[in-house]
Amino acid sequence: MVFIGLDIGSVAAKGVLLTGESRHRLLLPTGWSPGETGKNLIEGLLRQSGLRRSDVKRVVATGYGRVALREADRTVTEISCHARGVAAAYPDAGTVIDIGGQDSKVISIGRGGKVLNFAMNDKCAAGTGRFLQVMAAALDMDIGELGEAEDPSQDVTINSMCTVFAESEIVGLLACGISRGGIIAGLHRSVGRRVAAMARRLGVRERVVLSGGVALNRGVYRALQEELRWSVTVADDCLFSGAAGAALLAGEMD
Amino acid sequence: MLTELLEDFWAIREKNVIKIKELKEQGRKVVGIYCTFCPNELVIAAGAIPVGLCGTRDEPIAAAEETLPRNLCPLIKSSYGFAVTDTCPFFFFSDLIVGETTCDGKKKMFEIMGELKPVHVMQLPNLKGDGLYFQLWVDEIRRLRARLERELCAGISDEALWEAIDLVNRETRAVKEICDLNRQDPPALNGLELLAVVWSKGFSADRSGVVDMLVRLKEALVERQFQAAAGKSCCCPGPGREATSVPQWSRPRVLLTGCPVGLGSEKVVRLVEEKGGAVVAMENCTGYKTLELETGREHDDPIVALAHKYIRIPCSCMSPNQYRLELLERMIADFNPCAVVDLTWQACHTYNIEAYAVERLAAEKGLPYLHLETDYSASDREALKVRIEALLEMAR
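Quantities reported herein were computed from a predicted structural model and do not represent experimental measurements.

**Here's the deal with the sheet that holds strand β4 (residues 56-62) of chain A**
All names here are of chain A. Read from one edge to the other, the open sheet built from 5 strands follows the order β3-β2-β1-β4-β5, with strand pairing classed as mixed. The open sheet terminates on both sides in strands that have one partner only, identified here as β3 (23-29) and β5 (74-75). As paired elements, strand β1 (residues 2-8) and strand β2 (residues 12-18) share 6 bridges and run antiparallel to each other. In the strand pairing of β2, F3 is matched with L18. Strands β1, β2, β3 and β4 of the sheet are contacted by helix α1 (residues 34-49), whose axis makes an angle of about 145 degrees with β3. Seen against the sheet, helix α8 (residues 241-252) touches β1, β2, β3 and β4 and runs at an angle of roughly 140 degrees to β1.

**Some details on the domain arrangement of chain A**
Residues and elements named next belong to chain A. What the domain assignment reports for chain A is domain 1 (1-90 + 240-254) and domain 2 (92-234). Measuring from the centre of the C-alpha atoms in domain 1 to the corresponding centre in domain 2 gives 26 Å. Roughly 1300 Å² is buried in total at the junction of domain 1 and domain 2, and carbon and sulfur atoms are behind 69% of that figure. Broken down residue by residue, the surface that domain 1 buries against domain 2 is led by I79, H82 and Y90, which jointly contribute 46%. Linking domain 1 to domain 2 there are 0 salt bridges. On inspection of domain 1 and its partner domain 2, the count reaches 4 residue pairs in polar contact (both at pLDDT 80 or more). Of all the elements, helix α2 (residues 78-89) adds the most residues to the side of domain 1 that touches domain 2, at 8 residues.

**Quick notes on the interface of chain B and chain A**
Tallying the contact residues gives 13 residues for chain B and 16 residues for chain A. Between chain B and chain A, roughly 1200 Å² of surface is buried when both sides are summed, and carbon and sulfur atoms account for 50% of that area. Taken as a group, B:V386, B:R387 and B:M394 account for 45% of the area that chain B buries against chain A, more than any other trio of residues on that side. Applying the counting criterion to the chain B and chain A interface returns 1 salt bridge. One salt bridge connects A:R66 with B:E389, and the closest N-O pair in it is separated by 2.6 Å. Taken together, chain B and chain A are joined by 4 residue pairs in polar contact (both at pLDDT 80 or more).

**Quick notes on the sheet that holds strand β3 (residues 96-100) of chain B**
Residues and elements named next belong to chain B. With respect to topology, 4 strands assemble into an open sheet ordered β2-β1-β3-β4, the strand pairing being parallel. Every interior strand has two partners, whereas the edge strands, β2 (49-52) and β4 (119-122), have only one. Along the sheet, successive strands turn relative to each other by an average axial angle of 25 degrees, direction set aside. Here helix α7 (residues 132-152) sits on the sheet in contact with β1 (30-33), β3 and β4, set at roughly 165 degrees to β4.

**Quick notes on the environment of A:F131**
As for its position among the elements, A:F131 is in helix α3 (residues 129-138). Excluding residues that lie within four positions of it along the chain, A:F131 makes contacts with A:A125, A:A126, A:M161, A:T163, A:A166, A:L187, A:S190 and A:V191.

Here is what the cut-offs are and how they apply
Residues numbered from 1 in each chain as written. Chains lettered and ligands numbered in written order. Predicted model: local features only at pLDDT ≥ 70, side-chain atom pairs only at ≥ 80, totals over all residues. Heavy atoms only, no water. Pairing = 2+ DSSP bridges. Helix = DSSP H or I, 4+ residues; strand = E, 2+ residues; numbered from the N terminus. Contact = heavy atoms within 4.5 Å. Axes fitted to C-alpha atoms, helices over the stretch in contact; angles between N-to-C directions. Domains from an automatic or database assignment. Buried area = accessible area lost by both parts, 1.4 Å probe. Salt bridge = Lys/Arg side-chain N within 4 Å of Asp/Glu carboxyl O. Polar contact = N/O pair within 3.5 Å; in protein donor to acceptor, adjacent residues only side chain to side chain.

Structural data, given as structure tokens:
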């Protein structure tokens, strides 16, 4: 039987199609119309797998754009989907940390990916991909370049939690002649500190698995490990944990 | 029948604006009240009308922020905003406003509110028990009695006070009996209906009339539960019922605790119900927080009797506040919730900090727990939705 999981995030839309034997995945920018993007994901996954729409038993959508999808049979929150997706790949996972475009969350999980407890960032963008995106723009860089460009040997601290204030703070640091690499390392530490505090408040259980797009940034990964003082595993296919979880949950529903 | 009874509660506020206006014209006095700590019995015994004041809507907050700081609790800003923009009819009709020092924000806001109307502030001790703290509270209730007598030009006799005590005790019992019907599964009332009943009653000019309404509603609800048990249709579309099509019996039961909620600030209750949960009980000011508290007859002095009742209210301004946790523990046993939602209005430090103890209690009981810090605005609806939905997924 064929199931599709769609994770429509604020920046990227991820789709996973599961048949009994194979797994297909597709990544698209979410753009301005989450509904349209979801449709494109399904079509793309079907093309990739050579299947027809009628072969698909169920579609489960997650992510902030989940409600905009007419094609979805059910919607499930990102919390449950990330927990399920990570637990499938790492059965010994106890904590999932997901840093996405506009949310960061820490999920305590038990057997089979059952959600025991969770915490999410507040209304503001501190400790999320959006924070890094705005800072990258201020440094005239692409967000994908940040991880490689940092210089962790420099001890730069970004104090502002607010994205807007942090932006002025780095403008000030640049004016003082602080290097870009040092500032980037400071930004990564800021995200790491914020997320680690949230995780410690919830209670960290081994093993800690990092998912979401920001997990691809080696600097954040390093900073998070340092701040958390736990070893962290970056999920294989970290972008698709939520979508994979949604596809698995689609297969487990009555 | 039941539908009409519930609609009567939804309509209390509107109807009573006109009623209170008429009574005012006939010379009756009105005392505006913000908080459950105010002994309504004294106002009733003075022959005046105690009435709840508006403070649960977002609309007047912008006006309040012209005077008050932005990072203040929405309840304080809304209360002041309604008063300063003259959009709360009950405030308009009030001859005297009674406030309490339940938090620093309110205490200082009342000083400014005093420029609009006569405001009497009761100094509340933050410690329960005997000794000087209790004596202070007794003296404060006496001081309120004297102020009411002076301001309303009316004597308050002990006899009238005992009568008023009986009336308020009867009301407390009637409300509790309705709330307790939600111990059953499915609950007798959905969260919005429950809120409409417990919150709206405070706006009525006719206290014994409200008790009658509550008694009639309870009978009708028992009748409906009886019919449902007998297999007859129990579907009763009324205000608040249209929110979602999930049947009542398959909804995860949610216990709401924390800051006060009223119509206008019911967004968390509404979201829980929209997302398929059922708010079966509310441990907050309009809800269960005061429902176990009746004024006892064992004291000769009615003022001392009142002081004993009111000082027990488990508001987070009390330190320590053990009774709140005991009450919650009892409610968890009685209402059998699948999850606990703890609501803190932005900048309410005391409830925000007590969340630590409530979370621990929920964990001990094995219940999923969600602490939400928010305000009256709709800006974080989507963020709240994800959290509430995830909580309900955990509870299922």
